[in-house]
Number of protein chains: 2
Amino acid sequence: MRLADLSKRSGVSTATIKYYLREGLLPPGRQINATTAEYDDGHLRRLRLVRALIQVGKVPVATAREVLGHVDDESLGRTIRLGAALWALPQDAEPDEADPAVTAARTEVDRLLELLGWETSRELAPLSPVHRSLVVAVAALRRLDYPWDAELMAPYGELMMQVARRDLDFMETHASEAEKVEMAVAAAVLFQPVLRALHRLAQEEESARRYGIE
Amino acid sequence: MRLADLSKRSGVSTATIKYYLREGLLPPGRQINATTAEYDDGHLRRLRLVRALIQVGKVPVATAREVLGHVDDESLGRTIRLGAALWALPQDAEPDEADPAVTAARTEVDRLLELLGWETSRELAPLSPVHRSLVVAVAALRRLDYPWDAELMAPYGELMMQVARRDLDFMETHASEAEKVEMAVAAAVLFQPVLRALHRLAQEEESARRYGIE
DNA sequence: TTCCTCGGATAGCGCCACTATCTAAGCAGC
DNA sequence: GCTGCTTAGATAGTGGCGCTATCCGAGGAA
């Protein structure tokens, strides 16, 4: 498969594919001679993943490169690779520790993890970028005077744990060993828009049931 | 309160506040004379909401203007205002109807709503931007060969319905009538990062429990 | 009167995801 | 071989977005 074929089968322009190659999101094709390179189904699949991450998941190109780099790092074991890939995903701003809303948010998040009994997350808390994102988001809500505390968040945490269990079950039954890391990344990034849309739909539905459409 | 005070109390630079005023995200202050305008706590609160939408919720400025316009539209009843505001939120790309993955995704989403018994959503389906977003996201997953069908999504839908019920309960108990529309917007936009972070944390936690940290 | 500060208008910046253009090498048909 | 089209690769440019820096004239304080 040549670049033009890859473009046709993926629906991505050759110019954009070249851009992804330059940026290291897509491994180079097998060079046949000075003007021809050969691509295979693996390239096609990777290209679709890249597009999904960037367009559906809104992941910045630089972040996608980093994440995919971890996915491909054969020198690491599966668990580490997965962790590293997920670790690289969030790109939220640093919280401003001088802001009292941030301090309060951190306290509540720590209490939340204790309430939920998420020991691993508590241990990793000081380092985890996801933990940081949560603090930033909670701080923003508290700044708007919403009493968003650990007790209030705990049921949400439980529900998301149920969601996560489903994700992992699905992963175990449907993905081959080789695909699991890739699938976990897809799950973390692409299930998100699905969950968000379902959440909004559920809000609309329940709101209509409670208050009518008017 | 003058512009400089508003800036100090919110932590947003005067240049940025002026930008928001220009863009209509913030109503103009009460003009005292040619060189002075007076702002009040309402402005401060609105400014914080704007920052939260843009920075935490990643809502584009143009979309935020539209959403806030609906929130402020006193000519409409509460339910309509809320619906209009939420309706304006998602800004996903149009699905390409010629793509078979999109067609298949639409079928599965329609089946999903039937399975869940979400009648309101089914009725509004052809118009709703949220519905469209869901189709786009599911199509992306299907293109990656994940067998993402109605039966698989239904439990996620049930879980998100539980989340939505909590949202609405919270809204009923904690928000005054006047704040409800604003709060619903905040819920739709700002709970999202919280849910996402909880989801990721739950994935990490459950993954560590199942497979160890290694 | 002098100087500083204010609000408002305008133009510009920096980042990012592409995209258009150019070049030289190959290959197909004659 | 020669012509002409296509290819891969390099480089510079584009458009949108969220600010941000600068300038201007009006007030207010010393």
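Residues numbered from 1 in each chain as written. Chains lettered and ligands numbered in written order. Predicted model: local features only at pLDDT ≥ 70, side-chain atom pairs only at ≥ 80, totals over all residues. Heavy atoms only, no water.

J.: Kindly report on the interface of chain B and chain A, identifying the contributing residues and their values.
T.: The parts lose accessible area when they come together, and the size of an interface is often stated as this lost area. Contacts between chain B and chain A engage 84 residues on the former and 85 residues on the latter. Between chain B and chain A lies a buried interface of about 8400 Å² when both sides are counted; carbon and sulfur atoms form 67% of it. Applying the counting criterion to the chain B and chain A interface returns 8 salt bridges. Between the two partners, chain B and chain A, sit 28 residue pairs in polar contact (both at pLDDT 80 or more). The set of elements that each furnish at least two residues to the side of chain B that touches chain A consists of α3 (41-56), α5 (78-88), α6 (100-116), α7 (119-124), α8 (129-143), α9 (150-174) and α10 (180-211) of chain B. Looking at the side of chain B that touches chain A, the element that brings in the most residues is α10 of chain B, giving 27 residues. Counted by class, the side of chain B that touches chain A contains 47 nonpolar, 15 polar and 22 charged residues. (Contact = heavy atoms within 4.5 Å. Buried area = accessible area lost by both parts, 1.4 Å probe. Salt bridge = Lys/Arg side-chain N within 4 Å of Asp/Glu carboxyl O. Polar contact = N/O pair within 3.5 Å; in protein donor to acceptor, adjacent residues only side chain to side chain. Helix = DSSP H or I, 4+ residues; strand = E, 2+ residues; numbered from the N terminus. Nonpolar A, V, L, I, M, F, W, Y, C, P; charged D, E, K, R; others polar.)

J.: Mind laying out the protein's contact with DNA strand D, listing which residues take part and the relevant values?
T.: In the region of DNA strand D, 22 residues are neighbours, and L3, K18, Q31 and T35 of chain A together with R22 of chain B sit closest. Protein-proximal atoms of DNA strand D, defined as those within 4 Å of the protein, fall in sugar or phosphate at a share of 67%. In this structure, V61 of chain B approaches DNA strand D through a main-chain N or O atom, which is 3.5 Å from a phosphate oxygen. Contributing elements (two or more residues each) for the surface near DNA strand D: α1 (3-10), α2 (14-23) and β2 (36-38) of chain A together with α2 (14-23) and α3 of chain B. (Near = heavy atom within 4 Å.)

J.: Give a detailed account of the relation of the copies chain B and chain A, specifying residues and quantitative values.
T.: The transformation that overlays chain B on chain A combines an axial shift of 0.0 Å with a rotation of 180°, and the residual RMSD is 0.1 Å. Taken together, the turn and the small shift mark the pair as related by a two-fold rotation axis. It is L159 of chain B whose C-alpha, among those of chain B, lies nearest the rotation axis, at 3.4 Å. The overlap is high: 100% of the interface residues of chain B also sit at the interface in chain A, so the same surface is used on both sides. (Least-squares fit on C-alpha atoms with pLDDT ≥ 70 in both.)

J.: So what's going on with the protein's contact with DNA strand C? Residues and values would help.
T.: R22 and N33 of chain A together with L3, K18 and T35 of chain B are the nearest of the 22 residues found near DNA strand C. Each atom of DNA strand C within 4 Å of the protein belongs either to a base or to sugar and phosphate, the latter forming 70%. Y20 of chain A places a polar side-chain atom, nitrogen or oxygen, 3.1 Å from a phosphate oxygen of DNA strand C. Taking R22 of chain A, its side chain carries an N or O atom lying 3.0 Å from a base oxygen of DNA strand C. Elements that contribute at least two residues to the surface near DNA strand C include exactly α2 and α3 (41-56) of chain A together with α1 (3-10), α2 and β2 (36-38) of chain B. The element best represented in the surface near DNA strand C is α2 of chain A, accounting for 5 residues.

J.: Lay out the UniProt feature "domain: HTH merR-type" (unreviewed entry) in chain A in plain terms, naming residues and giving numbers.
T.: Residues given the UniProt feature "domain: HTH merR-type" (unreviewed entry) here are residues 1-70 of chain A. Along residues 1-70 of chain A, the helical share is 63% and the strand share 10%, with 26 Å between the first and last C-alpha atoms. (UniProt positions renumbered as here; feature names shortened; annotations may be inferred.)

J.: Help me get a handle on the side chain of H43 of chain A, residues and values and all.
T.: All names here are of chain A. Secondary-structure assignment places H43 in helix α3. Residue H43 is classed as buried on the basis of its relative accessible area of 9%. In this structure the side chain of H43 is engaged in a polar contact, spanning 2.9 Å, whose partner is the side chain of D40. Excluding its chain neighbours within four sequence positions, the residues that come into contact with H43 are L6, L26, P27, P28 and G29. (Buried < 20%, exposed > 50% of the residue type's maximum accessible area, 1.4 Å probe, protein only.)

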